[in-house]
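Next come the chains, spelled out residue by residue.
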Amino acid sequence: IEINIYEESLAGGIEALLEKRTDIFLGIKPLVVNDDIETHFYKDIVWAFVVPKDHALCKLPQPLSQQHIAAYRSVIVRDSVRNSAAVNYRLFSKKPVLRVSSVREKILAQKAGLGVGFLPLELIQEELISGELVALTIAGVDNTTPIYLSHWQQVRGKAKDVLLSYLLAANLER
């Protein structure tokens with residue numbers, strides 16, 4: 001069985017599904033209704049606004065306001081969309097911004113002090129425990145993103161069926 005996995009971000013993943021460049025997509029809920037695409041809730045990702053331990057925002061009382069944060073460069077994951085409108089989440093101002101291509105790069109950039117932003121809690125536990133990164137509270141921000149598993153119903157194949165079964169079973173174990 002041959003399985004190809006590649007990374008898209010934000011609306012780029014939905015676009016890849018709609019343009020049939022992929023058979024399965026894990027990410028934000030497709031905004032376009034298509035009866036041929038089956039979508040299941042997969043899990044919630046909890047995000048934390050984090051900064052390096054010596055950042056100036058650590059000295060301010062919490063919860064921080066969006067105005068406090070707007071003074072600092074945000075690190076965001078670039079939407080990989082090619083033919084549609086790009087989307088952003090949890091971006092409080094349009095500048096200054098450092099765009100990176102993946103969440104892994106976003107973690108590295110924030111650890112290096114190149115900017116601030118939200119990161120998935122499940123991916124930064126070690127950094128939070130060690131104190132390398134500090135989670136700060138922001139007033140009025142929803143820190144949860146629902147993630148969905150979407151796939152073309154009519155596309156069949158052994159690799160797709162195996163991977164889809166694995167992902168759905170792993171989700172049930174949560």
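Just above, that's the structure.
Conventions we followed
- Residues numbered from 1 in each chain as written.
- Predicted model: local features only at pLDDT ≥ 70, side-chain atom pairs only at ≥ 80, totals over all residues.
- Heavy atoms only, no water.
- Helix = DSSP H or I, 4+ residues; strand = E, 2+ residues; numbered from the N terminus.
- Buried < 20%, exposed > 50% of the residue type's maximum accessible area, 1.4 Å probe, protein only.
- Contact = heavy atoms within 4.5 Å.
- Areas by Shrake-Rupley, 256 points an atom, 1.4 Å probe, with all protein chains shown as cover.
- Salt bridge = Lys/Arg side-chain N within 4 Å of Asp/Glu carboxyl O.
- Patch = residues over 30% accessible without salt bridge, like charges linked within 9 Å, V, L, I, M, F, W, Y side chains within 5 Å.

## Things to note about the overall build of the chain
- Per the secondary structure count, the chain includes five helices and seven strands.
- Each helix and strand of the chain, placed in order from N terminus to C terminus, yields the pattern α-β-β-α-β-β-α-β-α-β-β-α.
- For the chain, with 174 residues in total, the buried portion stands at 37%.
- Across the chain, the fraction of contacts at a sequence separation of at least 24, relative to all contacts at a separation of at least 6, is 70%.
- Entry remark: accessible area of the chain is about 10200 Å², with carbon and sulfur atoms responsible for 53%.

## Details of the pattern of salt bridges
- Under the criterion given, the structure shown has three salt bridges.
- A salt bridge links K43 to E122, with the nearest nitrogen and oxygen atoms 2.8 Å apart. Of this pair, K43 sits in strand 2 (residues 37–52) while E122 sits in the loop between strand 5 (117–120) and helix 4 (125–130); the two residues are 79 residues apart in sequence, bridging distant segments of the chain.
- Each of the salt bridges in this network shares a partner with another, and the network as a whole consists of K111, E127 and E132.

## A few points about a nonpolar patch on the surface
- Judged by side-chain polarity, L18, L31 and V32 come together as a nonpolar surface patch covering roughly 290 Å² of accessible area.
- One can find L18 in helix 1 (residues 11–18).
- With a relative accessible area of 30%, L18 lands in the partly exposed category.

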